[in-house]
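Structural characterization, general
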Amino acid sequence: MTERDVATAERGREFALHGARVIVRAGALADAAALTREVAPGCRPIVIADTTVAPLHAAPIAAALGAELLTFAPGEASKTRQQWAALTDELLARQLGRDTVVVAVGGGVCGDLAGFVAATYLRGVPVVQVPTSLVAMIDAAIGGKTGVDTRHGKNLVGAFHQPAAVLVDPLALRTLPDVHRRAGMAEAIKHGVIADESYFHWMAAHGAALLAPALSAEMAQRLVLDSVAVKVQVVASDEREGGRRKILNFGHTIGHAVEHLSKYELLHGEAVAIGMVAEARLGELAGYTLPGLADDVAALCGALGLPVTIDAAFASDDIVALMRGDKKARGGVAAFALPLRLGEMNDADGCYALSLDESLLREAIAAVRS
Ligand code: GLY
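Thresholds applied
Residues numbered from 1 in each chain as written. Predicted model: local features only at pLDDT ≥ 70, side-chain atom pairs only at ≥ 80, totals over all residues. Heavy atoms only, no water. Helix = DSSP H or I, 4+ residues; strand = E, 2+ residues; numbered from the N terminus. Rg over C-alpha atoms; globule rule 2.2 N^0.38 Å. Buried < 20%, exposed > 50% of the residue type's maximum accessible area, 1.4 Å probe, protein only. Contact = heavy atoms within 4.5 Å. Areas by Shrake-Rupley, 256 points an atom, 1.4 Å probe, with all protein chains shown as cover. Lys, Arg positive; Asp, Glu negative; His and termini not counted. Charge placed at Lys NZ, Arg CZ, Asp CG, Glu CD. Near = heavy atom within 4 Å. Polar contact = N/O pair within 3.5 Å; in protein donor to acceptor, adjacent residues only side chain to side chain. Nonpolar A, V, L, I, M, F, W, Y, C, P; charged D, E, K, R; others polar. Pairing = 2+ DSSP bridges. Axes fitted to C-alpha atoms, helices over the stretch in contact; angles between N-to-C directions. Salt bridge = Lys/Arg side-chain N within 4 Å of Asp/Glu carboxyl O.

Some thoughts on the overall build of the protein chain
Broken down by element type, the protein chain carries 15 helices and 13 strands. In terms of overall dimensions, the protein chain is globule-like: its C-alpha atoms have a radius of gyration of 20 Å, near the 21 Å expected for 370 residues. Overall size of the protein chain, expressed as C-alpha extent along the three principal axes, is 55 × 45 × 35 Å. Per-residue burial over the protein chain gives 58% buried out of 370 residues. Taking the contacts inside the protein chain whose residues are at least 6 apart along the sequence as the reference set, 72% of them involve residues at least 24 apart. Summed over all atoms, the accessible surface of the protein chain reaches about 14100 Å², with 53% contributed by carbon and sulfur. The average position of the 34 basic charges and that of the 42 acidic charges among the side chains of the protein chain differ by 4 Å.

Focus: the site of the ligand
In the vicinity of the ligand, the contacting residues are Asp 139, Lys 145, Lys 231, Glu 241, Arg 245 and Leu 248. Within the side chain of Arg 245, a nitrogen or oxygen atom sits 2.7 Å from an oxygen atom of the ligand. Per-class residue counts for the shell around the ligand are one nonpolar, no polar and five charged.

Brief notes about the sheet that holds strand S4 (residues 68-72)
Judged by pairing direction, the sheet is mixed, and its seven strands sit side by side in the order S1-S2-S9-S6-S5-S3-S4 without closing on themselves. Edge positions in the sheet fall to strand S1 (13-17) and S4, since each has one partner strand and no second. Recorded for the sheet is a direction-independent mean angle of 20° between the axes of neighbouring strands. As judged from the five bridges shared by S1 and strand S2 (residues 20-24), these two strands associate in the antiparallel manner. Bridge assignment links Ala 16 to a residue of S2, and that residue is Arg 21. Against the sheet, helix H3 (residues 53-65) engages strand S3 (44-50), S4, strand S5 (100-106) and strand S6 (127-131), with an angle of about 175° to S3.

Examining the pattern of salt bridges
One pass over the structure, following the stated rule, counts 22 salt bridges. For Lys 79, the salt bridge is made with Asp 149, and the minimal N-O distance between the two is 3.7 Å. Of the two residues, Lys 79 sits in the loop between S4 and helix H4 (81-93) while Asp 149 sits in strand S7 (residues 145-150), which places them 70 residues apart along the sequence. Accessibility expressed as a relative area gives 2% for Lys 79, which makes it buried. The residue Glu 259 makes a salt bridge to Lys 154 at a minimum N-O spacing of 3.1 Å. With Glu 259 in helix H11 (residues 252-261) and Lys 154 in strand S8 (residues 153-160), this pair connects stretches of sequence that are 105 residues apart. The exposure class of Glu 259 is buried, given its relative accessible area of 1%. Residue classification places Lys 154 among the buried positions, given a relative accessible area of 7%. Among the ionic contacts, a cluster of salt bridges with common partners joins Glu 76, Lys 79, Asp 112, Asp 149, Lys 154 and Glu 259.

Scope: geometric values only; no functional claims are made or implied.
Pasting the structure below:
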């Protein structure tokens with residue numbers, strides 16, 4: 001780390017969230033082994049990562065812990081019951097007991113998958129999340145959601161399992177491939193839309209710097225910290241998504257459907273960008289959302305190189321059908337978290353999600369066709 005990075009690291013922050021320590025600090029990756037020992041004293045660590053992240057970040061952590069490193073193929077295609085079973089069998093074969101701590105190092109796929117292994121292994125062992133992608137740092141690793149995809153849709157089998165700790169090192173963004181940094185920006189934009197208007201405008205003002213290969217430590221830390229603050233604050237108010245946590249699903253109802261239809265060729269963040277524009281359009285059509293918000297979201301997503309239109313290959317009938325099977329659907333009717341204006345969501349009388357006429361939904365989809 002440079003002197004400037006060290007100074008930034010000192011300005012890190014720690015949050016407490018439903019028993020999890022969430023630590024955000026430039027340079028924090030170097031402390032992953034010590035933190036694991038601190039939050040899971042006397043436990044036997046096992047590190048899980050995909051084969052891309054393994055040599056970059058996970059192997060040094062495993063070496064520092066004197067732990068074994070289990071790997072799987074990178075990509076959403078690994079987030080399956082089969083991969084969950086394979087990793088679980090690896091733990092069973094090693095006769096690991098309840099004194100195991102799983103250390104998940106990587107992006108959202110790794111955190112969800114390894115988190116689900118931890119949630120279910122011997123009815124639950126602790127997990128330390130060490131997110132290395134932007135999506136994982138600001139969203140997936142925080143809040144205790146774990147799970148896998150099925151052929152019926154995304155994240156349909158899983159469990160809430162709060163990590164013992166989440167260790168976020170914004171400087172890891174420097175080694176993240178550009179396409180993944182851009183994709184992660186979609187979740188940051190979401191946090192701006194749902195709860196922090198000034199953060200949204202800050203991103204709009206600093207788009208080029210946020211995408212620069214030599215991302216400064218200050219920019220990286222602000223980008224991650226402001227987003228993590230929103231995520232922590234929302235989950236703190238509603239751990240199990242009975243109400244307010246649903247606002248984090250903005251962009252994800254249509255987003256998950258197009259992500260699934262793309263056979264996961266769209267990265268999660270890319271699908272969320274499309275979903276946010278479509279759902280903001282839906283909110284405008286339904287009369288809940290201030291007109292112009294969908295354009296603002298599309299402009300910022302577009303400026304950051306994210307897709308904002310639904311490909312003609314994805315039929316409206318298929319999108320609608322997938323949304324009926326979404327986790328948020330009730331009685332086969334899709335529900336949407338809709339913005340009122342930048343920084344404020346519709347609370348829908350405490351439900352935080354609204355079921356809307358299918359005709360309106362089809363109109364919104366048509367409005368964001370390429
Ligand atoms: N990713 C949405 C949530 O954690 O609730």
